[in-house]
Structure formats: structure tokens, C-alpha cells
Amino acid sequence: MAAFLLDGERRCIRLASELRAGTWRPGAARGFEVREPKPRLISALPFADRVVQHLLVGATLPAIEGTFAPQSYACRHGFGAHLCLRAARDFTRRRRFVLRLDFAKFFPSIDHAVLRSLLRPLTSAVWWPITFRILDAPAHVERTLFRFPGDDLLTPIERPHGLPIGNLTSQVWANLMLAPIDHLIASHLGLGTFVRYCDDLLIFDDDPGRLRGAWDAIRERADTLRLRLHPVKCRLHRTSDAVAFLGFVLQRRGDAVSVRLRRENVRRFRARMRELQLLYQVGAISVADITARVRAWLAHARHGHTRTLCRSVLAEFSFTRGDGDDPR
């Protein structure tokens, strides 16, 4: 990034010339794995490719976003995880049952041919070459072998699939991939009381039979999109049960709703704080660095009922330089 920005004008002019001439091709991505909050394979783009993807998203997003339902909150201006959590909390208070759905290996399993059929009518023809070169570019994506009705033994291998986690376009295209599911739920099933954040979906109603019917209908529609519902994480709950969503746990208690942080979130924060203690002790970071990270976690945690928890966790840590001076 630094090398690109030091010579930004010349590099942008070169990119513009390649795009106009139709000679631009994606560069080689670098793959690596992250372990928290769960193992994921990440594909890191060359910086010039990120510039092109920003350009493409800026040009095509308005038409794509026009297909999104208002219950879809991920990667959209004016929406986001915390507004989604608030809507889920309100539905939890008002309804007796919730159907929790999750898609297995969502990003790795996204079928390129299905995605093309969704993108083509929403993308101006001038952007097709760039769109499909990005889609077809080699990337670091986990292999999946899901089979669907009509497939033979080799179909999962022969059909290109998978969006790399790390591409800006992947976030937008993944949202588009589930837009047909949103419209099925709202328009055909008449269940507007739902929220979706990427592939995490909660549908609320007072009739459990209606939710079971919705589950079956969504499974059938997912098959046509070549997506697989998770065999374990999908479940019908009472809203009086504890339901995990977006790093929190929602549970209706009478006329109120309890919103708690998941234990894994607190565990990871404690581990980060211990790491910061060591870095501060050897002088590798400043008080300002620590303060910024703590405030970021608090800003997220305070969307739940966590005041006592936050005070308790922060009281566990103090910061001291290696020479014993400057305790914090």
C-alpha cells in the first residue's frame, strides 16, 4: 500500500489505461489463515486490485443494493451489525418463537454460475469484463463438495465455486446471493419479521408450524441457489431460550429481553488484554494504543446489558513498564 501511494498518480493513470484498453487482469493474491473467532482462509489482494474493486463496487452497488430487502443489514451504508442486533432484540420481545438459520461453508460454496446469473442483469455491460475476471481469478478458497438434486459424482468438482474472504466484491456479492431468500421469506411466505446479517438469519413468529414450513421452503430455494443449510446450527427456538446472534445472546424474559455477550467474546478480549500487557511492559505500545483497543471493545460490548461485566473484566488488568515505573 505504501509503495502504491508513494507513486499513486502514475499507478492510477496506468490502471485507468489498462481498464479502458481491456487489458487489466487481477494480480496474484496472498493466502493465509486466521484462527479467531474460527479458522478461516483469507485471500489478501495486491493493493492495485483493491483500488479496482473499489471502483467496480462504486459503479455497480446502487443497482445491486436496489434488490436488497430492508431486513438485510450486512455491508450496507446506514445498516450494520448493531442495528441488526437492535431489530432482533425488538422481534424477540414481540414474538414467541424464532427460527435460526445458517448456511454451511457459505463463502466457499457460492456457485459462480448462479452468481453470474444474478449479477448480469444488475451490471452494465461495460463492467462485465472486470466483474467476471475478478470472479474467475485464482484465489485462496476452502474447497467444498456439496451435491444438489440433479448432480452427478463430478458436478461439485466441475462447477467453479467459492468467493475469497478478503475481497471487497465478495461482501457485496454474498449479500446479493441471499437476496432471493429474503424475498421468499417476506413476499411469498409473508414473514416480514426477520433479520439477516450475511448468512446469519433469524425469523420470528408466534406460530412454530409456520416457521417449520418456512424452514422447508427456504431449504428448497437454497437448493436452487446451490447453497446448503447448516445441519447443526439451524434450529427452532422459543424466544425465551438463549439464542446466539452476532456475538451476543438474546433471551426474552417476560416483557423484557436480556442481551448478553457470548463467553467466547469475553475470553478473546481477556487474551488480547494479556497480550497488550506484555507489549506495554517491553515498551512496544503506548497508553493511547491500549486505550483505543479497550474503547473499541467497550463500544461493541455496551450494545448488550454488560455494564457490570465490563467493569469486572477491566478491573482484572493493570499495565506496568518493565522497570516497574508508570503503573496504569
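These remarks concern the structure in this document.

Calculation notes
- Residues numbered from 1 in each chain as written.
- Predicted model: local features only at pLDDT ≥ 70, side-chain atom pairs only at ≥ 80, totals over all residues.
- Heavy atoms only, no water.
- Helix = DSSP H or I, 4+ residues; strand = E, 2+ residues; numbered from the N terminus.
- Buried < 20%, exposed > 50% of the residue type's maximum accessible area, 1.4 Å probe, protein only.
- Contact = heavy atoms within 4.5 Å.
- Areas by Shrake-Rupley, 256 points an atom, 1.4 Å probe, with all protein chains shown as cover.
- Lys, Arg positive; Asp, Glu negative; His and termini not counted.
- Charge placed at Lys NZ, Arg CZ, Asp CG, Glu CD.
- Phe/Tyr/Trp six-rings, centres within 6.5 Å; stacked < 30°, edge-to-face > 60°.
- Lys NZ or Arg CZ within 6 Å of the ring centre and 35° of its normal.
- Core = buried A, V, L, I, M, F, W, Y, C linked by side-chain atoms within 4.5 Å.

### Quick word on the overall build of the protein chain
Move 1: For the protein chain, the count of helices and strands is 14 helices and nine strands.
Move 2: If you line up the protein chain on its principal axes, its C-alpha atoms span 65 × 60 × 40 Å.
Move 3: In the protein chain, buried positions account for 41% of the 328 residues.
Move 4: Sequence-distant contacts in the protein chain: of pairs separated by 6 or more residues, those separated by 24 or more amount to 70%.
Move 5: Looking at the protein chain as shown, the accessible area adds up to about 17,400 Å², and 54% of this sits on carbon and sulfur atoms.
Move 6: Distance between charge centres in the protein chain, computed from 52 positive and 33 negative side chains, equals 3 Å.

### As for unusual backbone geometry
Move 1: Of note in the backbone geometry, Lys105 takes a positive phi value of approximately 45 degrees without being a glycine.
Move 2: Here Lys105 is to be found in the loop between strand 3 (97-102) and helix 5 (106-109).
Move 3: Here Lys105 falls in the partly exposed class, since its relative accessible area comes to 41%.
Move 4: At Leu246, a position not held by glycine, the phi torsion is positive, near 55 degrees.
Move 5: Take Leu246: it is sitting in the loop between strand 7 (243-245) and strand 8 (248-253).

### Some remarks on the packing of aromatic side chains
Move 1: Within the structure shown, the criterion is met by seven aromatic pairs.
Move 2: Across from the ring centre of Phe79, 4.1 Å away, lies the NZ or CZ of Arg76, which sits over that ring.

### Side note on the nonpolar core
Move 1: Counting residues in hydrophobic clusters, the biggest one holds 49 residues, and the most contacted among them are Phe106, Trp173, Ile203 and Leu227.
Move 2: If one sorts the elements of this core by residue count, helix 9 (residues 168-177) sits on top with six residues.
Move 3: What Ile203 contacts, discounting residues up to four positions off in sequence, is Phe97, Val98, Leu99, Leu101, Ile185, Leu191, Thr193, Phe194, Leu211 and Ile218.

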